[in-house]
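Single-letter residue listing:
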Amino acid sequence: MKLMLVGTRAVAVAAAGVLLAGCGGPASKGGDGPDPKPSGSAKQGGRAADGEKTGATGKPDAKESTLPGALPSAYEFTPNPARVPKSAAQARKLTRDAALGEADWTAGMVRHAPYESGGSWPVLPDSCVWTRSALPSGVLDSFTRRLDIPAQDGRGRVQGAVTVTVHRSVAGADREIKDTVQESFRCPQQELGGGRRLSGLMSLQFDQKDVRNADASLFEAGKYTGPESGGIQDYVWTKSRIGPVTTAVSVKGAKGYKNSDLLRIAAEGGAKVLYRVELELK
């Protein structure tokens, strides 16, 4: 376990630079298994399944560097209370507007089958086999789109997914982030169903001072195998929170792709969906 921890933390440190580098602003943010897992148990306030700031609404001026294209030194976006969903219908509009489609993520992506799913909640019991339940009372909506990079030029098919979840409260969304980190320690090997498996999982929550495009972010890495995987492949996954909204992006690797390729794909998708959430809440 110690060697796994060191290796995964090394990947996470490298990933932090890649993920944050993809989050510099609008120009760069341009029944299946739990992809990407909104997380945890069906009871809200416990483990949820991929404090609201006060002050002016909209996006206040962050402490900006004077270097061209530099990231702000701190994340200081405050959701407009009038734009935060209060009902399931409002939440469904936000999740569908913010989730990425095939033209939104990276060039050449196509729809996975199934493409969209929503209205249910992934649960990871002690068996470490993912199941699904109804949405917890503290979750207004959770919606997933799955997108792939097709196999071509001797490389396999990369599978990506993005989930947007709206909680009734910031506290509920924050609990989702915190509990997600514990899931990989509780279940480093996870069954997704249909012969699909994640193994060697380890999660790491980024220090808030290193997060420039969200209130909180975490990173997970491991290995993926499945009927269509072509063997053991790298797997990366990120989750972030802006106010009561969480986003999650997963990327399952394929033949011909390095871990750094997957990190770049995840960084691009993660940055873009967070920017779209900001637009919805601004």
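Coordinates for the structure precede this section.
These figures come from a predicted structure and were not determined experimentally.

J.: Hey, could you run me through the overall build of the chain in this one?
T.: Assigned secondary structure in the chain consists of four helices and ten strands. For the chain, the N- to C-terminal ordering of α and β elements is α-α-β-β-β-β-β-α-β-β-β-β-β-α. In the structure as shown, the chain presents an accessible area of about 11800 Å², 55% of it carried by carbon and sulfur atoms.

J.: Just checking my understanding: could you explain the state of the cysteines for this structure?
T.: Two cysteines joined by a covalent bond between their sulfur atoms form a disulfide. Overall, the coordinates contain one disulfide when judged by the stated rule. Across the disulfide from Cys 128 sits Cys 187; the S-S distance is 2.0 Å. Between Cys 128 and Cys 187 the sulfur-sulfur dihedral comes to about -80°; the bridge is accordingly left-handed. Of the two residues, Cys 128 is situated in the loop between strand 2 (120–123) and strand 3 (131–134) and Cys 187 in the loop between helix 3 (170–186) and strand 6 (190–193); the sequence distance between them amounts to 59 residues. On the accessibility criterion, Cys 187 (1% relative accessible area) is buried.

J.: For this particular structure, what's the right way to read helix 3?
T.: Two residues of an α-helix separated by three or four positions point the same way, owing to the 3.6 residues in each turn. Across its 17 residues, helix 3 extends 25 Å between first and last C-alpha, which sits within 8% of the 24 Å expected from 1.5 Å per residue. Considered for burial, the residues of helix 3 that qualify are Val 170, Gly 172, Ala 173, Asp 174, Glu 176, Ile 177, Asp 179, Thr 180, Val 181, Glu 183 and Ser 184.

J.: Is there a simple way to think about the sheet that holds strand 5 (residues 158–167) in this case?
T.: Strands pair in a sheet through their backbones, by hydrogen bonds, and they do so in one of two ways: parallel or antiparallel. With antiparallel pairing, the eight strands of this open sheet are ordered in space as 1-4-5-10-9-8-7-6. Looking at the sheet topology across the chains shown, the edges are occupied by strand 1 (110–118) and strand 6. Neighbour-to-neighbour, the strand axes of the sheet open up by a mean angle of 20°, direction not taken into account. Note: strand 5 against strand 10 (residues 245–252), eight bridges, orientation antiparallel. Within strand 10, the residue paired with Val 164 across the bridge is Thr 247. On the sheet, helix 2 (residues 88–98) packs against strand 4 (139–149), strand 5 and strand 10 and is oriented at approximately 20° with respect to strand 4.

J.: Just checking my understanding: could you explain the pattern of salt bridges for this structure?
T.: Oppositely charged side chains are able to pair whenever their charged atoms sit close together. Evaluation of the coordinates by the stated rule reveals 18 salt bridges. Residues Asp 179 and Arg 175 are paired through a salt bridge, measuring 3.7 Å at the closest nitrogen-oxygen approach. You can see Asp 179 and its partner Arg 175 sitting in helix 3, four residues apart, about one turn around the helix. Judged by its relative accessible area of 10%, Asp 179 falls in the buried class.

J.: Can you help me understand the nonpolar core in this one?
T.: A general tendency of soluble globular proteins is for nonpolar side chains to be buried together. Judged by nonpolar contacts, the single largest core of 39 residues is most densely connected at Trp 105, Val 164, Ile 242, Val 251 and Leu 281. Those elements giving two or more residues to this core turn out to be helix 2, strand 4, strand 5, strand 8 (216–225), strand 9 (233–242), strand 10 and helix 4 (259–281). The contacts of Val 251, once residues within four sequence positions are left out, are Trp 105, Val 158, Gln 159, Gly 160, Asp 234, Tyr 235, Val 236, Leu 262, Ile 265 and Ala 266. In this structure, Cys 128, Trp 130, Val 181 and Ala 216 belong to the second largest nonpolar core, which totals 15 residues.

J.: Can you help me understand unusual backbone geometry in this one?
T.: Negative phi is the rule for most residues except glycine; trans is the rule for most peptide bonds. Omega for the peptide link from Ala 113 to Pro 114 comes to 0°, which places this bond in the cis form. The residue Pro 114 is located in strand 1 in this model. Unusually for a residue other than glycine, Asp 153 sits at a positive phi of about 55°. As for its placement among the helices and strands, Asp 153 is situated in the loop between strand 4 and strand 5. Its relative accessible area of 76% is what places Asp 153 among the exposed residues.

J.: Sorry, what's going on with the pairing of strand 7 (residues 196–205) here?
T.: Across a regular strand the side chains alternate sides, sitting on one face of the sheet and then on the other. Alignment of strand 6 against strand 7, held across three bridges, turns out to be antiparallel. Residue pairing for strand 7: Gln 190 is matched across the bridge by Leu 198. Linking two consecutive strands that pair antiparallel, namely strand 6 and strand 7, is a turn of two residues; a positive phi of about 65° is found at Gly 194 within it. Pairing of strand 7 with strand 8, which is carried by seven bridges, proceeds in the antiparallel orientation. Bridge pairing in strand 8 places Leu 204 opposite Phe 219.

Conventions adopted
- Residues numbered from 1 in each chain as written.
- Predicted model: local features only at pLDDT ≥ 70, side-chain atom pairs only at ≥ 80, totals over all residues.
- Heavy atoms only, no water.
- Helix = DSSP H or I, 4+ residues; strand = E, 2+ residues; numbered from the N terminus.
- Areas by Shrake-Rupley, 256 points an atom, 1.4 Å probe, with all protein chains shown as cover.
- Disulfide = S-S within 2.5 Å.
- Buried < 20%, exposed > 50% of the residue type's maximum accessible area, 1.4 Å probe, protein only.
- Expected span 1.5 Å × (residues − 1).
- Pairing = 2+ DSSP bridges.
- Axes fitted to C-alpha atoms, helices over the stretch in contact; angles between N-to-C directions.
- Contact = heavy atoms within 4.5 Å.
- Salt bridge = Lys/Arg side-chain N within 4 Å of Asp/Glu carboxyl O.
- Core = buried A, V, L, I, M, F, W, Y, C linked by side-chain atoms within 4.5 Å.

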